[in-house]
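One-letter residues, chain by chain:
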Amino acid sequence: NCIDGYLVSNRSDNNDYVGYLYNGSQGMYAVACTGYYNESHAWRLASDDPTTLPNFHNFFVSCIGDTSGSYNWAVLDSVNSFWSVCWGSTQKDIAVNTTATGFLIATQWSHGLSFTACVGLFNNAHGFQLYDDGAGGGNAPYDIIMTDCVFGSDGYSGPNGNGRSGAGFGLTLNGVVDHVRVNGGRFRHNASGPVGNYSTGTDIIISGN
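Residues numbered from 1 in each chain as written. Predicted model: local features only at pLDDT ≥ 70, side-chain atom pairs only at ≥ 80, totals over all residues. Heavy atoms only, no water.

## Describing the sheet that holds strand E18 (residues 178-183)
Our working rule: Pairing between two strands requires that DSSP report at least two bridges joining them. A run of H or I in DSSP becomes a helix once it reaches four residues, and a run of E becomes a strand once it reaches two; helices and strands are each numbered from the N terminus. In this description, a line fitted to the C-alpha atoms serves as the axis of each element, helices being fitted only across the stretch in contact, and the angle between N-to-C directions of two axes falls anywhere from 0 to 180 degrees.
An order of E1-E3-E6-E9-E12-E15-E18-E21 is seen for the eight strands of this open sheet, with the pairing classed as parallel. Of all strands in the sheet, those with a lone pairing partner are strand E1 (6-8) and strand E21 (204-207), marking the two edges. Taking each pair of neighbouring strands and ignoring which way they run, the sheet shows an average axis angle of 5°. In the sheet, strand E9 (residues 78-84) pairs with strand E12 (residues 110-116) via six bridges, with the strands oriented parallel.

Pasting the structure below:
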């Protein structure tokens, strides 16, 4: 429940759970912060009650989620928030963690989000995943803008020899994920393909790639 907090040049590494947990926080500004080798997530945005006290109006600039045990950025509720030049990477062998996405954006409580020049590379699953976990597709994020990002799972070994995967898309969508704009950017080193669009949404535009 933090308001108007400033995190500058912080490290939160080797934790048993997550590096940074946002719970009902707003107006937070994080710049040049890193979460490395955490047991679960580097960054987790998940509020106890997103209907009345969600995470919103948060800003992330040049922040890193790297080599965590699961999703490096687990965005489970976030409203009207912004990521600029942020990194999400797994770089662990599939024997350690088999499904770890760089940026997971999930649930209907995640919307009005902007990602600019962000990078999801060397992951054991997907670079970016817009995920609807509702039965019948009823819990999807929406209104997502991605500009000049790099979308990569891992079609080859990472620089440290790890991060090998047999499957993964640069960007994948499912359920009723809708109102998505992907402007420019690059899709590279994806084992399953650049985009896996399994969404029934009709307002998804990917252009300039």
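## So, the pattern of salt bridges
Formally: Whenever a carboxyl oxygen of Asp or Glu lies within 4 Å of a side-chain nitrogen of Lys or Arg, that contact is scored as a salt bridge. Per-residue accessibility, obtained with a 1.4 Å probe over protein chains only, is compared with the maximum for each type, and a residue is labelled buried under 20%, exposed over 50%, and partly exposed between these values.
Under the counting rule described, the total for this entry stands at two salt bridges. Close ionic contact of Asp13 with Arg11 constitutes a salt bridge, the shortest N to O distance being 2.7 Å. We classify Arg11 as exposed; its relative accessible area is 62%. Notably, a salt bridge pairs Asp203 with Arg181, separated by 2.8 Å at the nearest N-O pair. Here Arg181 lies in strand E18 and Asp203 lies in the loop between strand E20 (193-199) and E21, a separation of 22 residues in the sequence. Among the residues examined, Arg181 registers a relative accessible area of 28% and is labelled partly exposed.

## With respect to the nonpolar core
As a reminder of what qualifies: Put simply, buried Ala, Val, Leu, Ile, Met, Phe, Trp, Tyr and Cys residues joined by side-chain atoms within 4.5 Å make one nonpolar core. Note on definitions: a residue-residue contact is assigned when non-hydrogen atoms from the two residues lie within 4.5 Å.
Trp43, Phe60, Trp83, Phe115 and Met146 are the most contacted members of the largest nonpolar core, which totals 33 residues. Looking at which element gives the most residues to this core, the answer is strand E5 (residues 41-45), with three residues. Discounting chain neighbours no more than four positions away, the residues touching Phe60 are Tyr22, Ala30, Trp43, Leu45, Trp73, Phe82, Trp83, Ser84 and Cys86.

## Topic: the state of the cysteines
Heads up, the condition is: Any cysteine sulfur atom paired with another within 2.5 Å is treated as part of a disulfide.
Taken as a whole and assessed by the stated rule, the structure comprises zero disulfides. Of the cysteine sulfurs around Cys33, a residue in no disulfide, the closest is that of Cys63, at 4.7 Å. Cys118 forms no disulfide, and the closest cysteine sulfur to it belongs to Cys86, at a distance of 4.7 Å.

## Some remarks on a nonpolar patch on the surface
Operational definition: Residues qualify for a patch when their relative accessible area is over 30% and they have no salt bridge, like charges being joined within 9 Å and the nonpolar side chains of Val, Leu, Ile, Met, Phe, Trp and Tyr within 5 Å. Methods summary: accessible areas were calculated by the Shrake-Rupley approach with a probe of 1.4 Å, and residue burial reflects only the protein chains presented.
There is a patch of nonpolar side chains on the surface, built from Tyr6, Val8, Tyr29, Phe59 and Phe82 and spanning about 510 Å² of accessible area. With respect to the helices, strands and loops of the structure, Tyr6 is situated in strand E1.

## Concerning the environment of Ile64
Among the structural elements, Ile64 can be located in strand E7 (residues 64-66). With a relative accessible area of 32%, Ile64 lands in the partly exposed category. Taking the C-alpha atoms as reference points, Ile64 and Ser89, 25 residues apart in sequence, are found 8.4 Å from one another. Among residues more than four places away in sequence, those in contact with Ile64 are Cys33, Thr34, Gly35, Trp43, Trp73 and Trp87.

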